[in-house]
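The residues making up each chain are set out below.
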Amino acid sequence: MAIAIPNQEAAQLEPMHTLYREGGADRMTAPHVVYREGGCPHANCDQSLQAIDFRLEAFGRAIHDPLVRAWWDDVGFAGRCPSCGDWIHFTIRGKRAVHESEARSLPQLPSNWADEAVIL
Ligand SMILES: [Zn+2]
């Protein structure tokens, strides 16, 4: 019986991730993402955050450009959940709950990011 070895699988996906990332960075493609995990990563929050089109162009170049760069650099950015108000670190690969202290060290979405974003 064949058993998938997670590390091997990850190693195979890595070149694809790099290709995808470099292509997006070259074109300054707007960050939009579909996550495997559907909801807000904070406990007891039912905010849906499965698919997000951040629509950063709505905030002007001064906000758009550094955030798009951070996205494709794999740094990602932090923003508050529109429901529970707690911080989330968004990246190409996933989203996770972070404390405010960690969010402060990351590029940050504008406080009203969810008003412009399309969230499914
Ligand atoms: Zn939440």
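Everything here concerns the structure above.
Residues numbered from 1 in each chain as written. Predicted model: local features only at pLDDT ≥ 70, side-chain atom pairs only at ≥ 80, totals over all residues. Heavy atoms only, no water.

Participant: Which residues make up the overall build of the protein, and what values do they have?
Facilitator: Counting its regular elements, the protein contains four helices and six strands. Helices (α) and strands (β) of the protein occur, in sequence order from the N terminus, as α-β-β-α-β-β-β-α-α-β. Its C-alpha atoms give the protein principal-axis dimensions of about 50 × 40 × 25 Å. Of all 120 residues assigned to the protein, the portion counted as buried reaches 37%. Considering only residue pairs separated by 6 or more positions, the protein has 58% of its internal contacts joining residues 24 or more positions apart. With 11 positive and 16 negative side-chain charges, the protein shows a separation of 2 Å between the mean positions of the two kinds. (Helix = DSSP H or I, 4+ residues; strand = E, 2+ residues; numbered from the N terminus. Buried < 20%, exposed > 50% of the residue type's maximum accessible area, 1.4 Å probe, protein only. Contact = heavy atoms within 4.5 Å. Lys, Arg positive; Asp, Glu negative; His and termini not counted. Charge placed at Lys NZ, Arg CZ, Asp CG, Glu CD.)

Participant: Report on the side chain of histidine 89, specifying residues and quantitative values.
Facilitator: For histidine 89, the position within the fold is in strand E4 (residues 87-90). A distance of 2.7 Å separates the side chain of histidine 89 from the backbone oxygen of valine 75, its partner in a polar contact. Not counting residues within four places of it along the chain, the set of residues in contact with histidine 89 comprises Val75, Gly76, Phe77, Ala78, Gly94, Lys95, Arg96, Val98 and Leu106. (Polar contact = N/O pair within 3.5 Å; in protein donor to acceptor, adjacent residues only side chain to side chain.)

Participant: Run through the pattern of salt bridges, naming residues and quoting values.
Facilitator: Under the definition given, this model contains eight salt bridges. For glutamate 100, the salt bridge is made with arginine 80, and the minimal N-O distance between the two is 3.7 Å. Pair noted here: glutamate 100 is in helix H3 (residues 100-103) and arginine 80 is in strand E3 (residues 77-80), with a separation of 20 residues, a long-range link. Since its relative accessible area comes to 36%, glutamate 100 is described here as partly exposed. (Salt bridge = Lys/Arg side-chain N within 4 Å of Asp/Glu carboxyl O.)

Participant: Quick one: what's the story with the packing of aromatic side chains, residue by residue and with numbers?
Facilitator: On inspection of all chains with the given rule, the structure shows seven aromatic pairs. Through pairs of rings, three or more aromatic residues link up here, namely Phe54, Trp71, Phe77, Phe90 and Trp113. (Phe/Tyr/Trp six-rings, centres within 6.5 Å; stacked < 30°, edge-to-face > 60°.)

Participant: Go over the environment of arginine 96, please, and point to the residues and values.
Facilitator: Tracing the backbone through its elements, the reader meets arginine 96 in strand E5 (residues 95-97). Among the residues examined, arginine 96 registers a relative accessible area of 37% and is labelled partly exposed. Separated by 54 residues in sequence, arginine 96 and histidine 42 place their C-alpha atoms 8.0 Å apart. Arginine 96 has contacts with Pro41, Trp87, Ile88, His89 and Glu102, leaving out every residue within four places of it along the chain. Within the local environment of arginine 96, its side chain forms a polar contact with the side chain of glutamate 102, the two groups lying 2.5 Å apart.

Participant: Which residues make up the sheet that holds strand E2 (residues 51-53), and what values do they have?
Facilitator: Ordered in space as E1-E2-E6, the three strands form an open sheet in which the pairing is antiparallel. Looking along the sheet, the strands with just one partner apiece sit at the ends: strand E1 (32-34) and strand E6 (118-119). (Pairing = 2+ DSSP bridges.)

Participant: Please give an account of the coordination of the zinc ion that cites residues and values.
Facilitator: Geometry sets the ideal angles at a metal, namely 109.5 degrees for four tetrahedral donors and 90 or 180 degrees for six octahedral donors. Protein coordination at the zinc ion comes from Cys40 (SG), Cys45 (SG), Cys81 (SG) and Cys84 (SG), with a distance range of 2.2 to 2.4 Å. What the four donor atoms of the zinc ion show is an angle range of 104 to 113 degrees at the metal, which sorts the shape as tetrahedral. Expressed as a motif, the donor residue spacing for the zinc ion is C-x4-C-x35-C-x2-C. With a relative accessible area of 3%, cysteine 81 lands in the buried category. (Donors = N, O, S within 2.8 Å, 3.2 Å for Na, K, Ca; no water. Tetrahedral: all angles 85-135°; square planar, octahedral: opposite > 155°, others 65-115°.)

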